[in-house]
Every structure is written in structure tokens, then in C-alpha cells.
Amino acid sequence: MKFKILKEKMLPHQRRWWDLPNFVKLMVGGYGSGKTYIGALRSIYLSYVNSPHPGMYVSPSHNLGQKTIIITLKEVMNKAGMDYTFNQMKGEFIIDNWNGKIWIGSGDKPDSLRGPNLAWAGIDEPFIQKRDVFDQMLARVRHPDAEQREIFLTGTPEQLNWGFQLTNSDKIDIGTVTASTLDNPYLPDEYKTNLMVAYTPEQIEAYLHGKFVNLTQGRVYKEFDRDIHVIHRELEGWTISGAQDYNVDANTVVIFAHNKNEIHVFDEFRLKNSGTYDMAEAVKEKYPGINIYPDATGSARKTSASQSDHDIMRQNGFKVLTNKSNPHVKDRVNAVNKLLKDRRLTIENAPNLLMDFEQNVWRNNDIDKRDPEQTHASDAIGYAVSWLFPIIDRKVGYQSW
């Protein structure tokens, strides 16, 4: 069986990127602009021209890789009728048609990427990963018998970080193509419209048009206005839940009510120098058996004896709702700001959350956490908002065009 790349079916920006002559090929684009699909296609192509020498395709984490590059590779190869095997334990695709090898890497631990020589490498969503990931690939793509050594990167711009610096580097042979969400005709119009409505003008430039802009200046929760969002509400028929941030110095639970469209925060707990056992008892006394939306790291991190924080909350009668990992900070902040902008998140009697919403600022591309009293309540409500009303899933559907 022959595997043929049909460039005429690619979107114009995908074709421009595909034909870049540079050693490093970068496609920086908005959500749903076809980045992950073309990256999967490129990895299959490179496994063919460099067979039998391996290449590595790196995702920000194993969990995200399962939802993005692995499922995309499988769908492309299945549609093409290719013979392949995937070893989940090794994170390795073997393409039987030409003995191609695609290793799946995880960027959450850059040192784990060290190892044998590679013929090529690809990095999906590189700019939510550390620069060390790119440097590791730069050091490893050196196989002496490779037919076509290269590194490709496909991702959404994330602030004026190392990705912005890379695009302006004169020390690396890099070619860049910018892709817009609006240029992908395979996406539903309502998806594009929802993004346009959800984001600020600066976010539209980044998340739709793929441009590097500074999104980390000033207040984090800039949509919050005390005159608008601090109100009393009647909560009959609403579901009472809690959002939790684990911290020994400022253990925090925010209590809120929600329906299908709105959240109203009306109480909070803040305990100093205490563990999760103490917090569980305090919350259980007033709000027994409610759902808790916690920091996902509580499944492993121990602030109280030998049990995980999540286990302690469950044993005290709470239902713990969380993913395996926390949402990205920006995704969480964007989700909260979207509800504030739409006046669907309101507050009363939550002084720590009010302080966060009015005082939290950006610092070095992250939320400034130098004040030990701040960020805990807003982090907590962010976990709940991201679960109940996520603004956007980084795994966007695509078509194998």
C-alpha cells in the first residue's frame, strides 16, 4: 500500500507550512486552525522518509497527548488504511507498511526526554511547555543516518514568552506560518462565533488569529466590578457546592450555588495552619454532603497525614469532582472572566474572593503569588468554573481533509 500526501486538500496555511525549507518549522495559530492534524500528518511523513530511524512527537502531558496527538494519529492512519500498532506502555507507534517509528513524549518532565538520537521531532502546543522541551529536541535530532532531519512545532501563542523570542531568533534556522481559526472552513460557524463573543480583543488576536500579544498586564480578573457583581440573590432550587484550594497556610473553601447558567458565591472558609481534616470538619458542620470541586493535585499531595486530601474529603461525606490535572491557568482565568463579563458569576459575603478579584495581578506571565493571603479563593472558584462552565476545550475537533 502506498501512502500519498494530498497537498491540494490542505488548507493554504498548512501548505505554506508544509513547504517551509527550514530546519525548524513553526505553525502558530488559533484554536481549531488545523495545527494538530497537520502535525500528525507531518510525523507520519517523517517516519516514512527516515525509516527505520525513530522520531518523537511531544505533547504537554501524557493525559493531553491521549486526547490530541495520539487520537489524531490513529484517526489519520485508520482513514488511510495503514497497518500499525500502538504500544501504550512504551508510547510507541510502529507503522508496519515501512517500519516507521513514532515515539510519544511528554513535556511535563523535560529531563525524561533525554535518550538516543532522533531523526526528527515534533512538539504539539509547545508554548504551554517549558523552553527546555524544545532544547532537548534540538539536542536529540542528530541521527547520522536520517534522510530528513527536522523539528516542527504546532501551537497556540501563549503570551510574549520563549515562543515569541524563538520566532524572532537569528540563531536558529526557523520558518513560521501564522494560521487563523477563521480560515478553517471545516469548523462550525457557531464555534467561531462563540470564540469571538467569549474573548477580549487581545485574546481574539492570540486565540483566533495566532498572534503573540501581551495578555499578562494589569489585573487578572479585569471583568470584575464590585458595583455590578456584589449582589444578593434568592437561591431556591439552586445546587449548593464548594470549591477548594489546598494550602496549609491558607486552606480555603468557597461555597457557592449554581444552576445551569450561573454561579453565586455566598460563603467561604479560610483556616490558617491547618490541614484537610480540619477543613472537612468545618465545612461538614454547615454544608454536609455537598459536591466539592478541588485542586486536582489533592489526589496525591499530602497536607494531612498519610491520606490524600481528596480521600479525606470523600471520607467526610463529600463528593469530589475533579479531572486528573488542573486546567491551564489562563484557561481557568478566562473561564472566570467570561462569567463575570456575562454577569453570570456574582458574590456576597466572600471577602477573600473579593480581595482576589480586585487585587490579583499578572507577574512574569503568571498570577503574582507573593502575597500569601491572595489567590487561594480565586484559584478555588476557578476550578469549579472550569468544570461547570469551561470556556473552551483545548482539544478542538478537526476534519481529515
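Anything mentioned here points back to the structure above.
Calculation rules
Residues numbered from 1 in each chain as written. Predicted model: local features only at pLDDT ≥ 70, side-chain atom pairs only at ≥ 80, totals over all residues. Heavy atoms only, no water. Helix = DSSP H or I, 4+ residues; strand = E, 2+ residues; numbered from the N terminus. Rg over C-alpha atoms; globule rule 2.2 N^0.38 Å. Buried < 20%, exposed > 50% of the residue type's maximum accessible area, 1.4 Å probe, protein only. Contact = heavy atoms within 4.5 Å. Areas by Shrake-Rupley, 256 points an atom, 1.4 Å probe, with all protein chains shown as cover. Lys, Arg positive; Asp, Glu negative; His and termini not counted. Charge placed at Lys NZ, Arg CZ, Asp CG, Glu CD. Arc of directions from axis to C-beta. Phe/Tyr/Trp six-rings, centres within 6.5 Å; stacked < 30°, edge-to-face > 60°. Lys NZ or Arg CZ within 6 Å of the ring centre and 35° of its normal. Patch = residues over 30% accessible without salt bridge, like charges linked within 9 Å, V, L, I, M, F, W, Y side chains within 5 Å. Salt bridge = Lys/Arg side-chain N within 4 Å of Asp/Glu carboxyl O. Pairing = 2+ DSSP bridges. Axes fitted to C-alpha atoms, helices over the stretch in contact; angles between N-to-C directions.

This brings us to the overall build of the protein chain. Helix and strand content of the protein chain: 14 helices and 16 strands. Radius of gyration (C-alpha) of the protein chain: 23 Å, near the 21 Å computed for a compact globule of 401 residues. Dimensions of the protein chain along its principal axes, counting C-alpha atoms only, are 65 × 45 × 40 Å. Here the protein chain holds 401 residues, and 55% of them are scored as buried. Residue pairs in contact within the protein chain that sit at least 24 positions apart in sequence constitute 70% of those at least 6 positions apart. Carbon and sulfur atoms make up 48% of the accessible area of the protein chain, which amounts to about 17,800 Å² in all. Looking at the protein chain, you have 49 positive and 50 negative side-chain charges, and the mean spots of the two groups are 6 Å apart.

Moving on, we come to helix α5 (residues 131-140). An α-helical segment advances 3.6 residues per turn. Residues three or four places apart therefore align on the same side. Residues V133, F134, Q136, M137 and R140 constitute the buried set of α5. The buried residues of α5 occupy an angular sector of 160° when the element is viewed end-on, so they sit on one face. The secondary structure elements touched by the buried residues of α5 are β1 (24-29), β2 (55-59), β5 (100-106), β6 (120-124), β7 (150-155) and α6 (162-167).

Our next topic: the packing of aromatic side chains. Enumeration over the complete set of coordinates arrives at 20 aromatic pairs. Three or more aromatic residues link up through ring pairs in this structure, and these residues are W17, W18, Y45, Y57, W120 and F152. One cation-aromatic arrangement involves R42 over W18; the distance from NZ or CZ to the ring centre is 4.6 Å.

Glancing now at a nonpolar patch on the surface. A grouping of L182, M196 and V197 is seen on the molecular surface, where their side chains present a nonpolar patch of about 240 Å² in accessible area. Its place among the elements puts L182 in the loop between β8 (174-179) and α7 (189-198).

Glancing now at the sheet that holds β6. One open sheet accounts for eight strands, arranged β3-β4-β5-β2-β6-β7-β1-β8; its pairing is mixed. On the outer flanks of this sheet lie β3 (84-87) and β8, each paired with one strand and no other. Pairwise comparison of adjacent strand axes, ignoring direction, gives a mean angle of 15° for this sheet. When β3 meets strand β4 (residues 92-95), the two strands line up antiparallel, connected through four bridges. Within the sheet, the bridge partner assigned to Y84 lies in β4 and is I95.

In this section: the sheet that holds strand β10 (residues 251-258). Spatial strand order, β13-β12-β9-β10-β11-β14: six strands in an open sheet with mixed pairing. Edge positions in the sheet fall to β13 (319-320) and β14 (345-347), since each of these pairs with one other strand and no more. In this structure, β10 lies alongside strand β11 (residues 263-271), joined through eight bridges in antiparallel fashion. Note on β11: the bridge partner recorded for I255 is D267.

Shape is all these values report; function is a separate question.
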